[in-house]
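The primary structure of each chain is shown beneath.
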Amino acid sequence: MTTALYPGSFDPITNGHLDIATRAAKLFEKVVIGVYDIPAKHLLFTTEERVGMAKQAVANLGNVEVMPYNGLTVSFAREIGAQTLVRGLRVGADFEREFEMALMNKELSPDCELVCLMSNLKYQFLSSSLLKEVANLGGAIDKFVPKAVAEALKKKVLG
Ligand code: ADP
């Protein structure tokens, strides 16, 4: 079975992330969305909340699972039998970081391959951090995220 790991912080999951997960689900028999279990203080949502929102968002994709993880991404990939990592690339911003990370991952785990999917044109500008900034300032975010995420974000920002 070809399994791919799509790792990230997903704080929170956006339509840009979902687009990548949906396209990856067509390329691999199984896709695991790996949610970094980073200390919550750096992020808006807890790991549990991020996993919960991602699970809800991909509920209609039969071959996509969501799992939290700690430690090295390549170690988690090995643990779940994923031979490939999937990442999304937006114009400019992502390439250098992804390239650097890919080279390091290759040193750490030579058998693990990286597949980068180009971000859909309509999500090129969309990042979780910009989304949180807009939400914080009271801007409309509904068209950038699934409904449940928009609600959770508004609640978090207001609360
Ligand atoms: P990280 O902190 O690892 O960058 P993110 O949750 O921000 O985690 O992103 C996870 C992955 O999804 C990364 O490969 C990132 O480039 C990609 N990504 C984020 N936003 C988009 C988007 N709008 N379109 C396509 N890919 C995206």
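Residues numbered from 1 in each chain as written. Predicted model: local features only at pLDDT ≥ 70, side-chain atom pairs only at ≥ 80, totals over all residues. Heavy atoms only, no water.

J.: A description of the overall build of the protein chain should follow, citing residues and the corresponding values.
T.: When its secondary structure is counted, the protein chain shows 6 helices and 5 strands. In the protein chain, the order of α-helices and β-strands from amino to carboxyl end is β-α-β-α-β-α-β-α-β-α-α. For the protein chain, with 159 residues in total, the buried portion stands at 45%. Counted over contacts in the protein chain with a minimum sequence separation of 6, partners at least 24 positions apart contribute 75%. (Helix = DSSP H or I, 4+ residues; strand = E, 2+ residues; numbered from the N terminus. Buried < 20%, exposed > 50% of the residue type's maximum accessible area, 1.4 Å probe, protein only. Contact = heavy atoms within 4.5 Å.)

J.: Tell me about the layout of surface pockets, residues and numbers included.
T.: Each pocket or cavity is described by its volume, and for the largest pocket that value is around 860 Å³. Along the walls of the largest pocket sit 38 residues, with Pro7, Gly8, Arg87, Arg97 and Glu98 positioned nearest its centre. For the lining of the largest pocket, the secondary structure elements donating two or more residues are strand S1 (3-8), helix H1 (15-27), strand S4 (84-89), helix H4 (95-108), strand S5 (113-118) and helix H5 (128-136). Here the element with the most residues in the lining of the largest pocket is H4; it accounts for 6 residues. Of the residues contributing to the lining of the largest pocket, the split by class is 16 nonpolar, 13 polar and 9 charged. (1 Å grid on protein atoms, 1.4 Å probe; cavity = no way out; pocket = protein on both sides within 12 Å on 5 of 7 lines; lining within 4 Å. Points joined across faces, edges and corners; volume = space filled by probe spheres on them. Nonpolar A, V, L, I, M, F, W, Y, C, P; charged D, E, K, R; others polar.)

J.: Explain the pairing of S1 to me, and be specific about the residues and the numbers.
T.: Burial within S1 is extensive, with 6 of its 6 residues counted as buried. Burial along S1 is two-sided: Thr3, Leu5 and Pro7 and Ala4, Tyr6 and Gly8, pointing in opposite directions, are all buried. Of the pairings in the sheet, the one linking S1 to strand S2 (residues 30-36) comprises 6 bridges and is parallel in character. Bridge pairing in S2 places Gly8 opposite Val35. In the sheet, S1 pairs with S4 via 2 bridges, with the strands oriented parallel. What sits directly across from Leu5, in S4, is Leu85. (Pairing = 2+ DSSP bridges.)

J.: Go over the pattern of salt bridges with me, naming the residues and quoting the values.
T.: Enumeration according to the criterion identifies 9 salt bridges in this entry. Its salt-bridge partner being Lys30, residue Glu65 comes within 3.6 Å of it at the nearest N-O pair. Of this pair, Glu65 sits in strand S3 (residues 64-69) while Lys30 sits in strand S2, and the two are 35 residues apart along the sequence. Note that Lys156 is salt-bridged to Glu49, the shortest N-O span being 2.9 Å. With Lys156 in helix H6 (residues 147-158) and Glu49 in helix H2 (residues 47-57), the pair connects residues that are 107 residues apart, well separated along the chain. For Lys156, a relative accessible area of 27% translates into the label partly exposed. (Salt bridge = Lys/Arg side-chain N within 4 Å of Asp/Glu carboxyl O.)

J.: How would you summarise the pairing of S4 if you had to cite specific residues and measurements?
T.: Judged by how many residues are buried, S4 sits mostly within the fold: 5 of 6 residues are covered. Of the pairings in the sheet, the one linking S4 to S5 comprises 6 bridges and is parallel in character. Residue pairing in the sheet places Arg87 in a bridge with Cys116 of S5. For the segment spanning S4, H4 and S5, crossover handedness is right-handed. (Right-handed = clockwise from strand over helix to strand, strands pointing away.)

J.: Talk me through unusual backbone geometry; I want residue IDs and the actual numbers.
T.: Residue Asp11 is joined to Pro12 through a cis peptide bond whose omega torsion reads 0°. Relative to the helices and strands, Pro12 is located in the loop between S1 and H1. Residue Phe10 is not a glycine yet carries a positive backbone phi of 45°. Tracing the backbone shows Phe10 in the loop between S1 and H1.

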